[in-house]
Structure formats: C-alpha cells, structure tokens
Amino acid sequence: ALPESTADMGGGGGPAAAAAAGCCNGKAGPGGGTGDVYGEDRATEDQLITPWAVSVASGYNLLRDPRHNKGSAFSEKERDAHYLRGLLPPAILSQELQEKRIMHTLRQYKVPLQRYMALMDLQERNEKLFYKLLIDNVEELLPVVYTPTVGEACQKYGSIFRRPQGLFISLKDKGKILEILKNWPERNIQVIVVTDGERILGLGDLGCQGMGIPVGKLSLYTALGGLRPSACLPITIDVGTNNEELLKDEFYIGLRQKRATGQEYAELLDEFMNAVKQNYGEKVLVQFEDFGNHNAFELLTKYRHTHLAFNDDIQGTASVVLAGLISALRAVGGKLAEQKFLFLGAGEAGTGIAELIALEMSKQTKAPVEETRKKIWLVDSKGLIVRSRLESLQHFKKPWAHEHEPVKTLLDSVKAIKPTVLIGSSGVGKTFTKEVLEAMASLNEKPIILALSNPTSQSECTAEEAYTWTKGKAIFASGSPFDPVNYNGKTYVPGQANNAYIFPGLGLGLIISGAIRVNDGMLLAASEALASQAIPGNFEKGLIYPPFSNIRKISAHIAASVAAKAYELGLASHLPRPKDLVKYAESCMYSPVYRNYR
Ligand SMILES: O=C([O-])CC(=O)C(=O)O
Ligand SMILES: [Mg+2]
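Residues numbered from 1 in each chain as written. Chains lettered and ligands numbered in written order. Predicted model: local features only at pLDDT ≥ 70, side-chain atom pairs only at ≥ 80, totals over all residues. Heavy atoms only, no water.

By the naming in an unreviewed UniProt entry, the protein goes by Malic enzyme and is assigned to Eucalyptus globulus.

A. Examining the coordination of the magnesium ion (ligand 2) more closely. The coordination sphere of the magnesium ion (ligand 2) contains the protein donors Glu-289 (OE), Asp-290 (OD) and Asp-313 (OD), at a distance range of 2.0 to 2.1 Å. Here the donor residues of the magnesium ion (ligand 2) share one chain and are spaced in sequence as E-D-x22-D. With a gap of 23 residues between them, Asp-290 in the loop between strand 5 (285-288) and helix 15 (293-303) and Asp-313 in helix 16 (residues 312-332) connect regions that are remote in the sequence. You can call Asp-313 buried: its relative accessible area is 7%. (Donors = N, O, S within 2.8 Å, 3.2 Å for Na, K, Ca; no water. Helix = DSSP H or I, 4+ residues; strand = E, 2+ residues; numbered from the N terminus. Buried < 20%, exposed > 50% of the residue type's maximum accessible area, 1.4 Å probe, protein only.)

B. How the structure looks around the UniProt feature "binding site: a divalent metal cation" (unreviewed entry) in the protein. According to UniProt, the "binding site: a divalent metal cation" (unreviewed entry) feature falls on Glu-289, Asp-290 and Asp-313. Judged by maximum C-alpha separation, these annotated positions cover 25 residues in sequence but sit close together in space, the widest gap being only 6.8 Å. As for its position among the elements, Glu-289 is in the loop between strand 5 and helix 15. Its relative accessible area of 1% is what places Glu-289 among the buried residues. Reaching out from Glu-289, the side chain makes a polar contact with the side chain of Lys-217 at a distance of 3.3 Å. What Asp-313 contacts, discounting residues up to four positions off in sequence, is Arg-199, Phe-288, Glu-289, Asp-290, Glu-348, Ala-349 and Asn-499. In this structure the side chain of Asp-313 is engaged in a polar contact, spanning 2.6 Å, whose partner is the backbone nitrogen of Asp-290. (UniProt positions renumbered as here; feature names shortened; annotations may be inferred. Polar contact = N/O pair within 3.5 Å; in protein donor to acceptor, adjacent residues only side chain to side chain. Contact = heavy atoms within 4.5 Å.)

C. Molecular detail of the domain arrangement of the protein. Segmenting the protein into domains produces domain 1 (112-306) and domain 2 (315-500). Put simply, the middle of domain 1 and the middle of domain 2, counted by C-alpha atoms, are 29 Å apart. Facing the 19 residues of domain 1 at the interface are 17 residues of domain 2. Per-residue buried area on domain 1 facing domain 2 is highest for Thr-147, Gly-202 and Phe-297; these three make up 34% of the total on that side. The residue Arg-199 makes a salt bridge to Glu-348 at a minimum N-O spacing of 3.6 Å. Run the count over domain 1 and domain 2 and you get six residue pairs in polar contact (both at pLDDT 80 or more). (Domains from an automatic or database assignment. Buried area = accessible area lost by both parts, 1.4 Å probe. Salt bridge = Lys/Arg side-chain N within 4 Å of Asp/Glu carboxyl O.)

D. Focus on the pattern of salt bridges. Per the stated rule, a full pass over the model turns up 31 salt bridges. With its nearest N and O atoms 3.6 Å apart, the salt bridge here joins Asp-313 to Arg-199. Here Asp-313 is found in helix 16, whereas its partner Arg-199 is found in the loop between strand 3 (191-195) and helix 12 (212-223), with 114 residues between them in sequence. For Glu-438, the salt bridge goes to Lys-434, with nearest N and O atoms at 3.1 Å. Linking Glu-438 with Lys-434, this pair stays in helix 20 (residues 434-443), spanning four residues, or about one helical turn.

E. Region of interest: the side chain of Gln-98. Relative to the helices and strands, Gln-98 resides in helix 5 (residues 95-108). Setting aside its immediate chain neighbours within four residues, Gln-98 contacts Lys-70, Gly-71, Ser-72, Ala-73, Leu-93, Asn-126, Leu-129 and Tyr-594.

F. View of the environment of Leu-122. As for its position among the elements, Leu-122 is in helix 6 (residues 112-125). According to the relative accessible area criterion, Leu-122 is buried, its value standing at 1%. As for Leu-122 and Leu-378, which are separated by 256 residues in sequence, their C-alpha atoms are 44 Å apart. The contacts of Leu-122, once residues within four sequence positions are left out, are Ile-102, Glu-127, Leu-129, Phe-130 and Leu-133.

G. Focus on the pairing of strand 11 (residues 448-451). In strand 11, alternate side chains face the same way, and those of Ile-448 and Leu-450 on one face and Ile-449 and Ala-451 on the other are all buried. Here strand 10 (residues 421-424) runs beside strand 11; their pairing, made up of four bridges, is parallel. Bridging across to strand 11, Ile-423 finds its partner in Leu-450. Relative to strand 12 (residues 475-478), strand 11 is paired through four bridges, and the arrangement is parallel. Paired with Ile-449 across the two strands is Phe-476, which belongs to strand 12. Note that the unit made of strand 11, helix 21 (residues 463-469) and strand 12 has a crossover that is right-handed. (Pairing = 2+ DSSP bridges. Right-handed = clockwise from strand over helix to strand, strands pointing away.)

H. Representation of the nonpolar core in the model. Residues Tyr-221, Ile-357 and Ile-376 are the most contacted members of the largest nonpolar core, which totals 122 residues. With ten residues, helix 24 (residues 551-568) is the single largest residue contributor to this core. Counting residues domain by domain, this core receives three or more from each of domain 1 (112-306) and domain 2 (315-500). Sequence-distant contacts of Ile-357, that is, excluding residues within four places in its chain, are made with Leu-322, Leu-325, Leu-336, Phe-341, Phe-343 and Ile-376. With 36 residues, the next largest nonpolar core counts Ile-192, Leu-255, Tyr-265 and Val-276 among its residues. (Core = buried A, V, L, I, M, F, W, Y, C linked by side-chain atoms within 4.5 Å.)

I. Looking closely at the packing of helix 5 against helix 7 (residues 127-136). Here helix 5 crosses helix 7 at 70 degrees, and the two axes come no closer than 10 Å. Relative to helix 7, the element helix 5 is oriented roughly perpendicular. Touching Gln-95, Glu-96, Gln-98, Glu-99, Ile-102, Met-103 and Leu-106 of helix 5 are Lys-128, Leu-129, Lys-132, Leu-133 and Asp-136, all from helix 7. Each residue belonging to the contact of helix 5 with helix 7 can be placed in one class, and the counts come to five nonpolar, two polar and five charged. (Axes fitted to C-alpha atoms, helices over the stretch in contact; angles between N-to-C directions. Parallel < 35°, antiparallel > 145°, perpendicular 65-115°, else oblique. Nonpolar A, V, L, I, M, F, W, Y, C, P; charged D, E, K, R; others polar.)

This is the structure in structure tokens:
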C-alpha cells in the first residue's frame, strides 16, 4: 500500500545527513551498502518523516500497517495530522511503557507456545515495538522466537496458523517463480533465508511447516544483526513431505504428496536461484537453512560460486563452534592442533565443523589440511567412520575415513580414540550417556563437551548431566539454551553454541561490503571475531561464549571482520572501503525506536 515516493520522503536528512553522520548512503546502489527505503536507520532518527504519501480520509489503515503503526504511542499532533482521533483510547504511552506492558503480559503466559504466538501477533501489529522488545530482552525472548520454541511452533504450524508469513513456493509454481517473487511487496531485498523443510532442527521433515525457521532466523537478522525488516525475505520451497503424520493431518498447510527428488527437485531449485538473482541482483544473500543432508551439500557446492550464498547448518554452525573452541582453549590452555576431536553425527553440522577446524589447524600449523583432518574422527549411525567403510560412505563423509579397525558404539569410540573434545551433532537426543561422559572425564582434566542438536528435546545431554557426570570437569556448551547449574556448591554457566551468534553479523558484514561471494576465510574471520568478544572473566564459570545481551556489539565486530576479509580478498564491491569498519557497521544497523511523523 506504500507508494514508491515514500522512499524519497522517508529519507529524512537524506544522503547529506547520512554522510555527515559517517553512515552508509541512503540507497542500495550497485556499490552495496544498506539502502534505507523506509528511513529506518538510526542516522535519520530525529528527522520528521511522512508515513504515508497518499492522502487518506482515515488513519485506520495506518493503525493496521505494522511497519508504521505505533498504537497508543501516537502523539496528539500525529493523531490530528493522520486522522487517528477516536481510533485510539486517549492515553498516550511512551514506547518504553508499551514495552513494559507487553513484557508484563508475556511473563503471565506459562506455555512457551503462547508466548511465541503473542510475539508473532505483535510482529504483525507493530513491528518496531516487536524489535525493541527483542533487542532489549534478547536473553529472555530468544528461546521464544527462536530455538527451542520455534521448533514446537513448526510442528504445530498448521493449527496455530493465523496470517501467512513469508513467501511460499511450491512444485505447482514451476515456470512461474519470478512472477511469485514479484508478488512480494518489497523490492530491495538484501537477505533471503530459504528452507525446503526436510530437516527442521533435529525434528526431521516438517514439510511446508518449516516456514517458522526462515521467519525466526530473519527476525534475528534484524534484532541481532541490524538488517532492516523490509530487506529480509523468508521463503519456504514446498516439494512435498515424507512425514506421514503431516500428510494425514487435516490442518497441514502444504502439498499433500511425497517429496520430489532428483531432476524435478534440482530444476525447481535452479529456477528459484536464477529468479532470485534476476529479481534482486547479484548481491542478495541467500542463506540455506534446514535442508536434508544430501541436498544441503549439493546446493552449497552448486551455488556458492554463482551466488552470494551460504548454508547456516554447515558453515554458520562450524563458525560458532570454532569460536567456542578458540575460547575454551584460552580457558584450559593448549593449542587447537594438540586436540583430538570425536563427533557423534556426520551430517551437515558435523562435517561442516570438522572441516572448518581442520582448516584453522592447517592455518595455524601450516600443515596441509589432509594432515590436520586426521585429528578428527566422526561416528555415524553405523559406528566410527573408518577406512574400510570408504566405498559405502556418502561423499561428504569420505574425507573423515581414517585408518582404524571398525568400532560400533560411541562409548567404544571414545575409549579407542581418547578425544579431548566431544561434539554431538546427530539430531538424536540423550546419546551422551553417563558412561560416555564418565569416560570423557576419566580421559581428560577438562573435557570439552558440545551437545549441539536442537531443540532441547534432541540435545545429546542436558547441562546438568554434563556437569554432574563429569563431576564438574566439563567445559560445556549446547545448541539449545540451558539454565546455569549448581553442582557441589559451584555455579556453572553453559554456553549456547548456536549459529545465531554468527549469521546475523556475518550477513551484515557481507551486505555492508557489497560482497559477491561467501568464502571460508570469512567464516574463520567471523569465528575469531566472536571468540575475541568472549569475556575471560566468565571462563571460570565455564562460559566460553559472550552473553547474548551484547549481541549487537558482537555482530558489529563480526560484520567488520567479515567485511575486512571481503575487501582483502577483492570480493567487496562497496567502494571505497570505509576506514573504521566497526563504526560503519554500527551506523548501518536498524533501530527499532519510533520515528516522529510530520
Ligand atoms: O536453529 C537453530 O537453533 C540452529 C540451527 O540452525 C539448527 O539446529 O538447525
Ligand atoms: Mg538450522
């Protein structure tokens, strides 16, 4: 409903003011940067803007436009100027008071899914207030809009469905994907998160109901990374589902058929990727999320050299785990190359992390990556991955097939390999048993234990189990959040090794530099930046990640490191390079503070 002209009027101080503030220029031109169509940036915050460029007889629609609605925070003057008199109760609330009221209400809901639904309703009603809440209460609300609650929301997406969010593209749309992209109301898209719903967290195939994931990830792009909401596009590609329960569920929202595979699948995805580039240009970031293993690796291999694309489960997870390991080693001493790693799970996360660790070891020791890989062992559902299994292994597992006799179980693998670091990434809960953790504790003074599978129900062990079964020795982090644990009179604080630490800052760095490709050097840069933000004073409590409450500052540092790498590698198109990249990244970040309307 917003005419194009809003773009010009919304600029407020315009490019001159933006430049004076040392910020990105107002438009997303070919040079990159973050175009600010709606005047959402901090740099122009104090300027009056016009929310509507058409003349209206009633402000009713303004109240129902989530991007511009301020609810009871509209001032007297705004109520007069925008035909809102009588449409609102007389009291005028500040944004802070609105925030306080909603937090108060949210805390009354004891069921996490109720909180999720209340927050989704707020996002649909008043976007700025939603983001203000999320930013100011990130540690409390992250588990609601994101892991673990978002997992339950996806499982029940059909029954809690209210208003569609994001863009749905199905097999039925073959040949028409470009047209569908044009139905989306925004033109200046900078980030797309796309899933086909085949492997939603550790919950498996949720088909079209996976949409909760791109929606949730993109709300973090804005809240944690400062990308503008209008520049973010969640997409679900529905190629069917093999989830029998959903196929029988009368409220299922997707195509009622088995998953398309092979050429039919590849052609649809190819049409999609081409349409994205054609519609949004070379510099739109495409984040692949929660695809099945086979497709995830194939899509990444195929599109990483033609698009600005990355896979969060392979690369984002790898980057956050490497950061945690760098911090953990600062706490316990020793070098990365002196460690021995054992993974349970050899899918996207497992092999992605393993490869990034091998790359970093190779970078640190100058040994070839073929050598450093030998420090890393993986266990899959058939046991330890060893040379004698090579022929039958999927190709992404082959680099990890080292010389060793066959070992069937995780426990026996721990005993045989004697790892210093144990990482769970199989999507199967409760697999780090008492025996496994006791074995780790008997082998190591300070075993590093990472239980990465999500949501909480799929975690390899709980934080309490990790500390109790290792008698307080473990350095522990998990993909889903756990509360601090009291053991033997000492409080241990588990870290959350979740890619949410990385992708928002990584994305911001790519966008502000106008990067055209994502490469491994950028992932390593992101890891190092995240590790540098950990607080050494927290190592004593076992906490190897910085607190999420500092995430916007952390994201700015990650963005700056990633952008610096992009410039160094000649992959940045936003020229000239800003001098102070941290300041520049911060100046580009979206602010959820209300604007004053003229
Ligand atoms: O969404 C999360 O919490 C982390 C992630 O990418 C996954 O588990 O697939
Ligand atoms: Mg994921």
